[in-house]
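# Report on the structure
Listed below, chain by chain, are the residues.
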Amino acid sequence: MANVQANGQWYPPEWPERIRALAEGTLTPVVPKRAATVILLKDTAGTPVVHMLRRRASMAFAGGAYAYPGGGVDPRDDERHIRWAGPTRAWWADRLGVDETGAQAVVCAAVRETYEEAGVLLAGPTADSVVGDTTGEDWEADRAAVAARDLSFAEFLERRGLVLRSDLLGVWTRWITPEFEPRRYDTWFFVAALPEGQRTRNASTEADRTVWIRPRDAAEGYDKGELLMMPPTIATLRQLAPYATAADALAAAPGRDMTPVLAEARLEDGEIVLSWPGHDEFTKHIPTGGTSA
């Protein structure tokens, strides 16, 4: 069971032991898997709200924590040609810090996971259109096949004659799971606005509830210890709080620094000091006895 700080930060109990092992050179870091997460926004009076899901308490990773739709990259989406709208693959490769095939796969993962877990599809029949309601039985059959990996997302788009709308996404930040974690992800966080005519639903097998919530309210819930979140989630909520509309957030995305955030751990004066560069609020001092300060 994860420990919880006075705020709502998620804290796995095995961290101290694994951090010590990493510092002593007896733990070999796992290579992180590529992943994408989408912060889906929609406008309300005065402020946008963000779509969040709560991971089931039974989940091995971050059970009970609030997060955004997201998941791992499907390698099948690296090479296959797909119809593409918006910035070129070369532009995305430069922005994401990967090669062009990797850029396509990461963007595909962002769009696919939003469809799998929220029922929202950032694609359309043409480069300047978006599909409408995707809740019909035939859509659901395809969504289930994509979620089960019976159908790659590239194949799904081809079958449906759809164009992926990369212009509806803005990449916001990039976080890499700490080296001492047994499950590691190199995750790009995207922002997107809910397309007109579509609506979210909890289509995820990993979530027990979903909410639309103002970033400031979600951050306040975290600060009170009422909403459990991992560092990247609360960090992005704080960053999004100043924006008055979803369009404003999307317009800010191209100027965001995409240097990956990777936690650092060191042994100092009989305790472990764990920090995330640029995010001082998450610094932890963990006595080597294994309890968090």
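Below is a summary of the structure that appears in this document. Note that the structure is predicted; figures quoted are calculated from it, not measured.

How each quantity is defined
- Residues numbered from 1 in each chain as written.
- Predicted model: local features only at pLDDT ≥ 70, side-chain atom pairs only at ≥ 80, totals over all residues.
- Heavy atoms only, no water.
- Core = buried A, V, L, I, M, F, W, Y, C linked by side-chain atoms within 4.5 Å.
- Buried < 20%, exposed > 50% of the residue type's maximum accessible area, 1.4 Å probe, protein only.
- Helix = DSSP H or I, 4+ residues; strand = E, 2+ residues; numbered from the N terminus.
- Contact = heavy atoms within 4.5 Å.
- Pairing = 2+ DSSP bridges.
- Axes fitted to C-alpha atoms, helices over the stretch in contact; angles between N-to-C directions.
- Phe/Tyr/Trp six-rings, centres within 6.5 Å; stacked < 30°, edge-to-face > 60°.
- Lys NZ or Arg CZ within 6 Å of the ring centre and 35° of its normal.
- Salt bridge = Lys/Arg side-chain N within 4 Å of Asp/Glu carboxyl O.
- Arc of directions from axis to C-beta.
- Parallel < 35°, antiparallel > 145°, perpendicular 65-115°, else oblique.
- Left-handed = near helix turned anticlockwise from the far one by under 90°.
- Nonpolar A, V, L, I, M, F, W, Y, C, P; charged D, E, K, R; others polar.

## Section: the nonpolar core
Leu-121, Phe-153, Phe-156, Leu-169 and Phe-190 are the most contacted members of the largest nonpolar core, which totals 40 residues. Only strand S3 (33-44), helix H2 (89-96), helix H3 (100-118), helix H4 (137-147), helix H5 (153-160), strand S10 (169-176) and strand S11 (185-193) provide two or more residues apiece to this core. Looking at this core element by element, the count peaks at 10 residues for H3. Not counting the four nearest positions on each side in its chain, Phe-190 is found in contact with Ala-36, Thr-37, Val-38, Ile-39, Trp-92, Leu-96, Val-106, Ala-110, Leu-169, Gly-170, Val-171 and Trp-172. Of all hydrophobic cores here, the second largest spans 36 residues; its members include Trp-175, Val-211, Ala-218 and Leu-237.

## Brief notes about the sheet that holds strand S16 (residues 279-287)
With respect to topology, 3 strands assemble into an open sheet ordered S14-S15-S16, the strand pairing being antiparallel. Lying at the two open borders of the sheet, with one neighbouring strand each, are strand S14 (264-268) and S16. Direction aside, the axes of adjacent strands within the sheet are offset by 20° on average. Inspection of the sheet shows strand S15 (residues 271-276) paired to S16 by 5 bridges, in the antiparallel sense. Counted as the bridge partner of Glu-271 is Pro-287 from S16.

## Some words on the packing of aromatic side chains
The full count for this structure, using the stated rule, is 10 aromatic pairs. Taken together, a centroid distance of 6.3 Å and an interplanar angle of 65° make the contact between Trp-139 and Phe-156 edge-to-face. With Trp-139 in helix H4 and Phe-156 in helix H5, this pair connects stretches of sequence that are 17 residues apart. By relative accessible area, which is 13% here, Trp-139 ends up buried. Residue class for Phe-156 comes out buried when judged on its relative accessible area of 0%. Consider the rings of Trp-276 and Phe-282, whose centres lie 6.1 Å apart with planes at 80°: the pair is edge-to-face. Pair check on accessibility: Trp-276 and Phe-282 agree, each one buried. Seen from the ring of Trp-139, Arg-160 lies directly overhead, with NZ or CZ sitting 3.8 Å from the centre.

## Comments concerning the pattern of salt bridges
Going through the model one piece at a time under the given rule, you end up with 19 salt bridges. A salt bridge links Asp-217 to Arg-214, with the shortest nitrogen-to-oxygen separation between them at 3.0 Å. Looking at Asp-217, the relative accessible area reads 31%, which means it is partly exposed. Owing to a relative accessible area of 38%, Arg-214 belongs among the partly exposed residues under this scheme. In this structure, the salt-bridge partner of Glu-281 is Arg-238, at a minimum N-O distance of 2.7 Å. Here Arg-238 lies in helix H7 (residues 231-240) and Glu-281 lies in strand S16, a separation of 43 residues in the sequence. Residue class for Glu-281 comes out partly exposed when judged on its relative accessible area of 38%.

## Remarks on H2
Turning to H2, its buried residues number three or more, namely Arg-89, Trp-92, Ala-93, Arg-95 and Leu-96. Take H2 and look down its axis: the buried residues cluster within an arc of 165°, on one side only. Elements that come into contact with the buried residues of H2 comprise strand S7 (84-85), H3, S10 and S11. Directly after H2, the chain includes Gly-97, whose backbone phi takes a positive value near 80°.

## Points about the side chain of His-51
One can find His-51 in strand S4 (residues 47-55). Accessibility expressed as a relative area gives 0% for His-51, which makes it buried. Apart from residues no more than four positions distant in its own chain, His-51 is found in contact with Leu-40, Ala-67, Tyr-68, Pro-69, Ala-118, Thr-200, Thr-210, Val-211 and Trp-212.

## Focus on H5
In an α-helix, one full turn covers 3.6 residues, which means residues spaced three or four apart are oriented alike. All buried positions along H5 are accounted for by Phe-153, Ala-154, Phe-156 and Leu-157. The buried residues of H5 occupy an angular sector of 160° when the element is viewed end-on, so they sit on one face. Relative to its buried face, H5 has exposed residues pointing more than 90 degrees away, namely Glu-158 and Arg-159. In this structure, the buried residues of H5 make contact with H3, strand S8 (123-124), H4 and strand S9 (163-165). Gly-161 sits one or two positions beyond H5 and adopts a positive phi of about 65°.

## A short note on the packing of H4 against H5
Relative to each other, H4 and H5 sit at 155°, their axes nearing to 10 Å. The angle between the axes of H4 and H5 places the two elements in the roughly antiparallel class. Handedness of the crossing formed by H4 with H5: right-handed. Contacts from Asp-138, Trp-139, Asp-142 and Val-146 of H4 reach H5 at Phe-153, Phe-156, Arg-159 and Arg-160. Counted by class, the contact of H4 with H5 contains 4 nonpolar, no polar and 4 charged residues.

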